[in-house]
Amino acid sequence: MPTFTPDRSLLNPKFEGYKFSPLEYDEVSTHHPLQYKLSQTNVSGRAPLSFQEVQSRVLHNHLAICSQSRRVAYVDAELRVIGVDLDEATLNPTFRVLYELPRPIQSSAVDSLQREYPSAAFADSTSLLVADGYGTLYALRVGDAETAELLASYELSIPPVFGSAQPSVPFRLHQAVSPDGQRIVAVLSSKHYPANAPEPPQPKTHKLPPVKFDIWGVQIVLPITTSAAAQQLEIVWHRRGDDVPIYTMYDASRQAFLFVGSSSYLPINVAPAPSYEPSPDEIAPIPRKGENLDGAPNASDVPKPPPYSWTQTSDSVTLAIPLPSNTPTDHIKVAFSPRTLTVLVEGAPTTPTAEVPVVVPRYTLKALWDGIQPSTSLWTFDRAAERAYGVLTLHLDKAHEGTRWPQVFASTQGGAADDEEVPETLDPSELYNIREALEKYTAALRDGSDASGLGLGSGVPSLGQGERDDDVDLSVGKSACVTWVGVSGEQPASLGGDAHGHGDDAPLQVLSTPFPGSAGTFKPSLVTKNGLDGVVFTLQEGSGPEDAPRWEHTATYSALAFVLASKRDTRFVHHITWKAVFAFESGTQDLGGNVYIYRGASAKENWAKQTVLKVGGGTAGALLGVGLMKIQGKVVVLCLCEGELIVLHGVL
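All of the points below concern the structure found in this document. (Residues numbered from 1 in each chain as written. Predicted model: local features only at pLDDT ≥ 70, side-chain atom pairs only at ≥ 80, totals over all residues. Heavy atoms only, no water.)

Counting its secondary structure elements, the chain contains five helices and 36 strands. For the chain, buried positions account for 49% of its 652 residues. Considering only contacts in the chain between residues 6 or more positions apart, those separated by 24 or more positions represent 64%. (Helix = DSSP H or I, 4+ residues; strand = E, 2+ residues; numbered from the N terminus. Buried < 20%, exposed > 50% of the residue type's maximum accessible area, 1.4 Å probe, protein only. Contact = heavy atoms within 4.5 Å.)

This is the structure we're talking about:
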């Protein structure tokens, strides 16, 4: 059963685009140089990294946010744990060294495993867990003192049942929570090194074997037992998937973790669902309602061109009507009056035939939308004998110069059969395209060829006309599945759709995830791709562990997928509910980085606001982490670069 269903009333097909709304950069941002700088260098082994490992490192957020206080932490290039406290009044940060992690000694003669980036997570306002990226987890108590207190250190010892060729591996820390005040449950991820690994790739092929990733749920009992020696982490549960999760979240109301990744995360005793390969018969196109795909098409299967085409200037209206090219001129009767138009073609068929599959329009004293000058209005007929159709062109002089006509004919009460509304042709040269369309239409009826190239419009909104690239637009976002795991590893069927926590069968195309640090301040939500739009699905609070997750479509960022398609250097994309989406570029010393802020708009608004601010690049270096705080009721966004911390405020 699908759990992510868009609400059509919240979609806006008339959305036009984003208008630039500048902000005074110096008024909404402050820059603070780092004494303790970061580094992106973390390659430590000889084995090449897989694509998933490289992508995971690129998207790694180096900033840990404490949602219960105004405190953040990161690990610098020298493995020092740095605490940052923001002043509530001035938003100025204060930096201090909480703890210096021991640096493991590695020999170049030993083929060591690739290490992970150091990572940190707050379990509460005073409990900080730090993973050094080599395979050790440190538990620190953070207070008002200058330094933190080391409570204990832990290692992940992998039991043989998990089929690992390594007894311990480097891991990454994703989240730490204290669900009941009696323990801390932490979520770790690591690359799986299978005991029966295939032979390394030959130098000429460079093709790496497929990789898997382990997701570990480990617990630390409170109060923490201090010890000088490293302790073994207690594994509570384990899952395995094809990639590192792009988003993890703990739902206290359901006492379960949510994982969003490119695959589902299943126990090792459960085989993943095989990829489905459709048969040639199943690849055949699916007919629409009333569509005939067998044999020659019926007339109703092919869309008909409009009965006429028209354009206008400030003082005239030009109308083009297709006629068979063999129509004698004396059979054409046209009469102009100040408010009506008469067009009759003698001998024209009243029903479609094999030779003339369209009905020539007949207008008898047809009321025009506005008045004309009959004495200066005229008509011409371009016979074009080499073609099947000619064009009858009517030139109507407006009685009220400067008045713009929304349509040619006045609407009649109840709607007559010939009251088909035809949109204005913007380019006068397109008037003759109707002749081409009719010839293709006739050919399609005769030989059953594809009639999709009739030039009748593709249904793409005006924002995407001439700019849409299907290959690029389809690649926007990240294909992701949703998996639920109970805090202690249990998996009720209500969480995720099956007994193993795998949610909706159809993968989502995720455009944005919530800001790190927003838990407890805003409801969990995901922005997923729906055509050119970004649809906000908000997770509703549950009544208990047995309550099935319910995702509600609460807002829409119109054309978000379209505008994100042009951002090729995006590192982080996060959102604040329906208010705004932030797309952060990575930024380098040579190329400056920006953050593109797309503000939300209601379904009735055709325009939304966009803001661009400089973040990272130059002396600041690359952007390595972002996070959100709410101070005195206002949203503050932190941007951690290699060489400085940028504080954004007042941007919403």
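Turning our attention to the pattern of salt bridges. For the structure on display, the rule yields 15 salt bridges. A salt bridge links Lys 191 to Glu 53; its shortest N-O distance comes to 3.4 Å. Residue Lys 191 is located in strand β12 (residues 183–191), and its partner Glu 53 is located in helix α2 (residues 51–58); the two are separated by 138 residues in the primary sequence. As far as the burial class goes, Lys 191 and Glu 53 line up, both buried. Ionic pairing is found between Glu 88 and Arg 70, a salt bridge with its closest N-O pair at 3.5 Å. Here Arg 70 lies in the loop between β3 (64–65) and β4 (71–75) and Glu 88 lies in the loop between β5 (80–86) and β6 (93–100), a separation of 18 residues in the sequence. Classification of Arg 70 as partly exposed rests on a relative accessible area of 36%. (Salt bridge = Lys/Arg side-chain N within 4 Å of Asp/Glu carboxyl O.)

Another point: α2. Residues of α2 that are buried include every one of Glu 53, Ser 56 and Arg 57, and no others. Taken around the axis of α2, the buried residues stretch over an arc of 95 degrees, which confines them to a single face. (Arc of directions from axis to C-beta.)

With that settled, consider the environment of Asp 382. Relative to the elements of secondary structure, Asp 382 occurs in strand β23 (residues 378–382). With 59 residues separating them along the chain, Asp 382 and Leu 323 place their C-alpha atoms 9.4 Å apart.

What follows concerns the packing of aromatic side chains. Using the criterion set out here, one finds 17 aromatic pairs in the structure. Ring centres of Tyr 18 and Tyr 598 lie 5.2 Å apart, and the angle between their planes is 65 degrees; on these two criteria the pair is classed as edge-to-face. Taken as a pair, Tyr 18 in strand β1 (residues 17–20) and Tyr 598 in strand β32 (residues 594–599) lie far apart in primary sequence, 580 residues in all. Classification of Tyr 598 by relative accessible area gives buried; the value is 1%. Among the aromatic residues, ring-to-ring pairing joins Trp 237, Tyr 250, Phe 257, Phe 259 and Tyr 265 into one connected group. Sitting over the ring of Trp 607, Lys 19 keeps its end group 4.7 Å from the ring centre. Its guanidinium or amino end placed over the ring of Tyr 596, Lys 567 lies 4.7 Å from that ring's centre, counting from NZ or CZ. (Phe/Tyr/Trp six-rings, centres within 6.5 Å; stacked < 30°, edge-to-face > 60°. Lys NZ or Arg CZ within 6 Å of the ring centre and 35° of its normal.)

With that settled, the discussion passes to the environment of Arg 362. Along the chain, Arg 362 falls in the loop between β21 (340–345) and β22 (363–367). Through-space distance from the C-alpha of Arg 362 to that of Thr 342 is 7.8 Å; in sequence the pair is 20 residues apart.

Along β32, five of the six residues are buried, which leaves the element largely enclosed by surrounding structure. Note: strand β31 (residues 580–585) against β32, five bridges, orientation antiparallel. Residue pairing across strands places Ala 580 opposite Arg 599, the latter belonging to β32. As judged from the five bridges shared by β32 and strand β33 (residues 607–614), these two strands associate in the antiparallel manner. (Pairing = 2+ DSSP bridges.)

By themselves these figures say nothing about function.
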